[in-house]
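# Architecture and fold: a report
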Amino acid sequence: MKKLLALTLAGVMVFSMPVLAATSPTAQAIVASAASEAVADAAAAENKTVGEYMNNAVTEVPGLEDVTPLAQGGHVIINGAPSNQTFSVLKPESKEVNSAKDYATSLGGKVLNVAKINASIKNFNTATVNFYMKGILAGQNIKVYQLVNGIWVELTVSELREDHIVVNMTSLGTLAFIEMPIVVPTQPAQ
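Report on the accompanying structure. (Residues numbered from 1 in each chain as written. Predicted model: local features only at pLDDT ≥ 70, side-chain atom pairs only at ≥ 80, totals over all residues. Heavy atoms only, no water.)

The next thing to look at is the environment of Tyr145. Looking at the secondary structure, you find Tyr145 in strand S8 (residues 141-148). Judged by its relative accessible area of 5%, Tyr145 falls in the buried class. It is 8.7 Å that separates the C-alpha atoms of Tyr145 and Ala100, two residues lying 45 residues apart in sequence. If we skip the residues at most four places from it in the chain, Tyr145 touches Tyr103, Leu107, Trp152, Val153, Glu154, Thr174, Leu175, Ala176 and Ile178. (Helix = DSSP H or I, 4+ residues; strand = E, 2+ residues; numbered from the N terminus. Buried < 20%, exposed > 50% of the residue type's maximum accessible area, 1.4 Å probe, protein only. Contact = heavy atoms within 4.5 Å.)

This part is about the nonpolar core. Of all hydrophobic cores here, the largest spans 37 residues; its most connected members are Phe87, Phe131, Ile165, Met169 and Phe177. Only helix H4 (94-107), strand S6 (110-118), strand S7 (127-133), S8, strand S9 (151-161), strand S10 (164-169) and strand S11 (173-180) provide two or more residues apiece to this core. (Core = buried A, V, L, I, M, F, W, Y, C linked by side-chain atoms within 4.5 Å.)

Under the criterion given, the structure shown has 6 salt bridges. Between Lys95 and Glu93 there is a salt bridge, with the nearest N and O atoms lying 3.8 Å from each other. The class of Lys95 is exposed, set by a relative accessible area of 59%. Here Glu154 makes a salt bridge to Lys143, at a shortest N to O gap of 3.5 Å. Of this pair, Glu154 sits in strand S9 while Lys143 sits in strand S8, and the two are 11 residues apart along the sequence. Residue classification places Glu154 among the partly exposed residues on the basis of a relative accessible area of 45%. What makes Lys143 partly exposed here is its relative accessible area of 25%. Where salt bridges share partners, they join Glu93, Lys95 and Lys116 into one cluster. (Salt bridge = Lys/Arg side-chain N within 4 Å of Asp/Glu carboxyl O.)

Its place among the elements puts Asn56 in the loop between helix H3 (50-54) and strand S1 (57-58). Asn56 sits in the buried class, given a relative accessible area of 15%. Among the polar contacts made by the side chain of Asn56, one reaches the main-chain carbonyl oxygen of Phe87 at a distance of 2.9 Å. With sequence-adjacent residues up to four places away left out, Asn56 is seen in contact with Lys48, Leu70, Ala71, Gln72, Thr86, Phe87, Ser88 and Val89. (Polar contact = N/O pair within 3.5 Å; in protein donor to acceptor, adjacent residues only side chain to side chain.)

Encoded structure:
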């Protein structure tokens, strides 16, 4: 009788194993998924990676090898006053990249990055913009040029320090960051 009872209980346990169902996604997971899709769509619309889009950066430029990453984090000084304005860093057109490369070659320099700079503010006299450029060092000879009516016009670089270059702009547009050779003055013969 004990054996029969034990076998019966064992049989009941085998057939009454709980069935586990997959958990349903939470509302938070659904919102997060939709948000990441929206970010991916927005990045694709700007021809950027999600990382570039999220960091307001350009790290890859078609037609340029060895791109120095370029980003802008806000706090642009407009007409001498601090602001909460951020200048958008966007991918350039290929003709602008080719033009920048040709111009850099004519100067004996090397293009580090080319980007279109845009913002919600369109009219200003001056904008002092701190660009993040990972890897640049104080003492490098980096010049910034803006494409104006098909001509590269040099802008004033007000500061160059590790990973940052501060540029004075008078309008929005396409910028080329060009590293120039450092010219060492020669000593006159005695």
